[in-house]
Every structure is written in C-alpha cells, then in structure tokens.
Amino acid sequence: MKARMKNPAMLIPDVMQPIHALVGAVKKSGVPARTLELVHLRTSQINGCSPCVDMGARELKKAGETDERMFAVAAWREAPYFTDAERAALALAEAATRLSDRADPVPDDVWEEAARHYDEPALAALILHIALVNCFNRVNVTTRQVAGSMKWEARADTP
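These lines cover the structure that appears in this document, whether it is placed above or below. Note that the structure is a prediction, hence the values are computed from the model and not measured.

Before going further, it helps to spend a moment on the overall build of the chain. In terms of regular secondary structure, the chain is built from eight helices and zero strands. Scanning the chain from its N terminus toward the C terminus, one meets helices and strands in the order α-α-α-α-α-α-α-α. Relative to the compact-globule value of 15 Å for 159 residues, the chain shows a C-alpha radius of gyration of 15 Å, a close match. Seen through its principal axes, the chain has C-alpha atoms that stretch 40 × 35 × 30 Å. Within the chain, the fraction of its 159 residues that count as buried is 42%. Partitioning the contacts of the chain with sequence separation of at least 6, the portion at a separation of at least 24 is 67%. If you sum the accessible surface of the chain, you get close to 8400 Å²; carbon and sulfur atoms cover 57% of it. Across the chain, 20 positive and 21 negative side-chain charges occur, with their mean positions spaced 9 Å apart.

See below:
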C-alpha cells in the first residue's frame, strides 16, 4: 500500500500549531488519558484508519494498557474489562462517529450516561477529542496513509 500524498497536515505549515494546542487542551481536561486513548482506538477502528489504529494500540501499550482490554475495545459492550465511565465514553464515541446510522445519532440514553460520569468540561473534552479523531481518520483514510509509515512529531497531536 502506498499513500496517495503526504499527509495534508504536514503540507500546510500553519495547521500543526492549532492542532497541537487543541489536543493539549483536551489532554488537560481531567478525562483520564487511557479513556481518551480507548476512545481514539475505537473511533479509528470504526473509521478503518489503519495509521490511527496502529498508533492508538501502540500508545495504549506504552501507557501500560493490558492486552485483554486492547483486544476487546471493538467488542467493549460484551467484554468485562471496562469501567462504567469508559463504557459511557466509548458509547458516546461510537454514536458521534456514526452520525448517519440512525435518525437520532446521539440518543438521550447515550448522552445521559456520559453526563452521569463526566461533568460539562470533561464532556466538552470528550466531544472535541472524538471530533478530532474523526478528523484525523478522515484525512488519513482519504489520502491512504499507511500504518507505521508516518513519523509522528507528537503522537496523536497530528492527524
């Protein structure tokens, strides 16, 4: 497999600084880093973004995540390895990623469960994180970026 072009975020010089700033702000939000990484991995799995799935799994492993939890992210509903708060974040990520799959893309029960575990600033961080990961996925999938071929300057801070 070969990329169609260099990653667009690397081609436009003024793009990286605001991406780094936004990701940095999300990381300081109080949402556990592992939760953000699980959301990153699940969103990237849904979107079929091989560079982000690869990177997400590597980052989780580096952070000490267990193989059981990483292997089960795609089937988190049926796996016993996740906390209620992580499940709420994963459900929100799936709903916000699959917007066209149902008439009410983010149903009240998904929202209310997320709001039960996260205050408004944390919910804001989760929503922004999900949106950013979807953006990264779309850039990478469109340009057919190859897993493992990119040299990430600051991890998921780049698409």
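Below, the discussion takes up unusual backbone geometry. Even without a glycine there, the phi angle at R144 is positive, about 55°. One can find R144 in the segment after α8 (120–142).

Before going further, it helps to spend a moment on the side chain of T143. The topology assignment puts T143 in the segment after α8. T143 has contacts with A3, R4, M5 and P8, leaving out every residue within four places of it along the chain.

As a further point, take the nonpolar core. Ranked by size, the top nonpolar core spans 27 residues in total, and within it V31, L38, V39, F82, L92, Y118 and L126 carry the most contacts. Sorting the residues of this core by element identifies α3 (33–47), α5 (67–72), α6 (84–97), α7 (108–117) and α8 as the ones contributing at least two each. Counting residues per element, this core draws most heavily on α6, which supplies six residues. With residues near it in sequence (within four places) discarded, L126 still touches V31, L36, V39, A89, L92 and Y118. With eight residues, the next largest nonpolar core counts M16, V23, C52 and L132 among its residues.

At a minimum axis separation of 9 Å, α3 and α6 run at an interaxial angle of 35°. In this structure, α3 meets α6 at a crossing whose hand is right-handed. Two secondary-structure elements touch here, α3 through T35, L38, V39, R42, T43, I46 and N47 and α6 through E86, A89, L90, A93, E94 and T97. The residue inventory of the contact of α3 with α6, partitioned by class, reads six nonpolar, four polar and three charged.

Considering the arrangement of structural elements, one finds E94 in helix α6. Those residues in contact with E94 that sit more than four places away from it in its chain are R42, I46, W76 and R77.

Orientation of helix α2 (residues 16–27) relative to α8, taken along the N-to-C sense of each, is 140°, at an axis distance of 9 Å. It follows from the interaxial angle that α2 and α8 lie oblique. Crossing hand, α2 versus α8: left-handed. On α8, the residues touching I19, L22, V23 and V26 of α2 are A125, L128, H129, L132 and F136. A class-by-class count of the residues in the contact of α2 with α8 yields eight nonpolar, one polar and no charged.

A few words now on a negative patch on the surface. Residues D104, D108, D109 and E112 make up a contiguous surface patch of negative charge. Mapped onto the elements, D104 comes out in the loop between α6 and α7. Residue classification places D104 among the partly exposed positions, given a relative accessible area of 41%.

The rules behind each value
Residues numbered from 1 in each chain as written. Predicted model: local features only at pLDDT ≥ 70, side-chain atom pairs only at ≥ 80, totals over all residues. Heavy atoms only, no water. Helix = DSSP H or I, 4+ residues; strand = E, 2+ residues; numbered from the N terminus. Rg over C-alpha atoms; globule rule 2.2 N^0.38 Å. Buried < 20%, exposed > 50% of the residue type's maximum accessible area, 1.4 Å probe, protein only. Contact = heavy atoms within 4.5 Å. Areas by Shrake-Rupley, 256 points an atom, 1.4 Å probe, with all protein chains shown as cover. Lys, Arg positive; Asp, Glu negative; His and termini not counted. Charge placed at Lys NZ, Arg CZ, Asp CG, Glu CD. Core = buried A, V, L, I, M, F, W, Y, C linked by side-chain atoms within 4.5 Å. Axes fitted to C-alpha atoms, helices over the stretch in contact; angles between N-to-C directions. Left-handed = near helix turned anticlockwise from the far one by under 90°. Nonpolar A, V, L, I, M, F, W, Y, C, P; charged D, E, K, R; others polar. Parallel < 35°, antiparallel > 145°, perpendicular 65-115°, else oblique. Patch = residues over 30% accessible without salt bridge, like charges linked within 9 Å, V, L, I, M, F, W, Y side chains within 5 Å. Salt bridge = Lys/Arg side-chain N within 4 Å of Asp/Glu carboxyl O.

Without other data, these values stay purely geometric and don't point to any function.
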